[in-house]
Amino acid sequence: MQKQVLIAGGGIGGLAAALGSARAGWEVRLFERARAFTEVGAGVQIGPNVVRRLQAWGLQRPLQAVASFPERLQVRCALGGAELGMLRLGATVIERYGAAYATIHRADLHAMLLDVARKSSLVHLNLEHRVERYVEQGDAVTVRLARGDGSTMEVEGDALIGADGLRSVMRAQLLGETPTRVSGHLAYRAALRQDVLPAALRSQQVTVWLGPRLHVVQYPLRRGELLNVVAIRHGQAPADLDSWDHGANAADLETALAHTCTPLQDLIRAVPQFGDGWRLWPLLDRPPVAGAHQMARGLVALLGDAAHPMRPYLAQGAGMAIEDAAELEKSLAMHDLDVSLCLRRYALNRWQRNARVQARSERNGRIFHASGPVRWGRDLAMRLGGERLLDQPWLYGG
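First, a word on what this report is: a plain description of the structure on this page. (Residues numbered from 1 in each chain as written. Predicted model: local features only at pLDDT ≥ 70, side-chain atom pairs only at ≥ 80, totals over all residues. Heavy atoms only, no water.)

## Regarding the overall build of the chain
The criterion, for reference: Strands here are runs of E lasting at least two residues and helices are runs of H or I lasting at least four, both read from the DSSP assignment and numbered beginning at the N terminus. Exposure categories follow from relative accessible area, calculated using a 1.4 Å probe and restricted to protein chains: below 20% of the type maximum is buried, above 50% is exposed, and the middle band is partly exposed. What makes two residues a contact is simply this: any of their non-hydrogen atoms within 4.5 Å. Computed with the Shrake-Rupley method and a 1.4 Å probe, the accessible areas treat only the protein chains shown as cover for residues.
The helix and strand inventory of the chain stands at twelve helices and 18 strands. The principal-axis extent of the C-alpha atoms belonging to the chain is close to 65 × 50 × 40 Å. The burial tally for the chain puts 54% of its 398 residues in the buried class. The contacts in the chain between residues at least 6 apart in sequence include a share of 72% that link residues at least 24 apart. Within the structure as shown, the chain displays about 17100 Å² of accessible surface, and the carbon and sulfur contribution to it stands at 49%.

So this is what it looks like as structure tokens:
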């Protein structure tokens, strides 16, 4: 008999898990608490390690239709504007790692996965269904769902995947309620139309500006039509983001970057003029995964931010969720194994890589935001060995 997997969460991780599970021959019932499938935020970078997974799922053409493929990654000093280092992307990365380096709007990546899920006869998508808790009995797991009309229902499956994000209800029940870590970093995100930007601000490459206690990243989206800008600085998050005045965010950010070079300040000031303004996120995470037991127990497994939320300093948050889903596909395809062993295999094959990416992301944040002698040493090292330091063979080839 065909086995059935239940998935909590319809974001990028949840949809990727649905595709991987269906490809392994499982029937999928996915539950999303929202009224519609949407994805907030702006752009994400996806390295060749992730693009290879999307290609394996037959998504090369849809990816080419909506993504950008920068030819170059440049690192510049936020204070003086000088180039510190450069990494060739484009054909160089394809030759080296077998796939391109892409930049894509989160909404476009989400829509691409959603389109494939909707076309699969094995995937059943359910909106306004919030997974409240689960009970594991014998060879089955039962979830209790709160529906949008106020009613509740129970659904039974052979496995449960928690892909319900940073504040995962599934994680809290599986591992116990533990608070997320507050990083002390604030991320300001915006997307600008390139056709109306001054020529000097337009760009088709990835540029990273490094400064004391801050950095800014910019790169193209939607085949170059948009310019994604992410500015991250140290600071105290507002108590209530829902009522936060995002117009004031621009002034706060401009004040924080007042000592940076003119080209960077021009870019920051362009956001209210040529985009929809800044959106503010305080960056939260958890300590690196400590073992396979933190990603799967019994008939329940965690995936993406529910398992390993990370800081964005390796640009791998969405990528690790997609890699998780690819590994889940391999494990669920082992139909001769008990389901609990399949999920344990999934966790054993994923936890160390996820933990390494989490730890390196946190370390990169300290390097990006360094000041004083550490910053001088970083800049000198990057000038001497930029491409060697910026390339990540362990990550992109893994």
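## A word on the nonpolar core
A general feature of soluble globular proteins is that nonpolar side chains tend to end up buried together. What counts, and what does not: Think of a nonpolar core as a cluster: buried Ala, Val, Leu, Ile, Met, Phe, Trp, Tyr and Cys residues, connected wherever their side-chain atoms sit within 4.5 Å.
Core analysis: the largest hydrophobic core is formed by 71 residues, its most contacted members being Leu54 and Trp57. For Trp57, the residues in contact, after removing those within four places along its chain, are Ala16, Leu19, Gly20, Arg23, Leu113, Ile322, Ala325, Ala326 and Glu329. Judged by nonpolar contacts, the second largest core, of 31 residues, contains Ala187, Val206, Val230 and Leu395.

## Description of the state of the cysteines
Under the convention used in this document: Here, the term disulfide refers to a pair of cysteine sulfur atoms separated by no more than 2.5 Å.
By the definition in use, this model includes zero disulfides. The closest cysteine sulfur to the non-disulfide-bonded Cys77 is located on Cys261, 7.2 Å from its own sulfur. Judged by relative accessible area, Cys77 falls into the buried class, the value being 9%.

## Comments concerning the pairing of strand β15 (residues 226–234)
The line we're drawing: What makes two strands pair is DSSP finding at least two bridges between them.
Of all nine residues in β15, eight are buried, a share of seventy percent or more. When strand β12 (residues 181–193) meets β15, the two strands line up antiparallel, connected through nine bridges. Following the sheet pairing, Arg193 is matched in β15 by Leu226. Note: strand β14 (residues 214–221) against β15, eight bridges, orientation antiparallel. Residue pairing across strands places Gln218 opposite Val229, the latter belonging to β15. The turn linking β14 back onto β15 is made up of four residues, and Arg222 within it adopts a positive phi angle of 50°.

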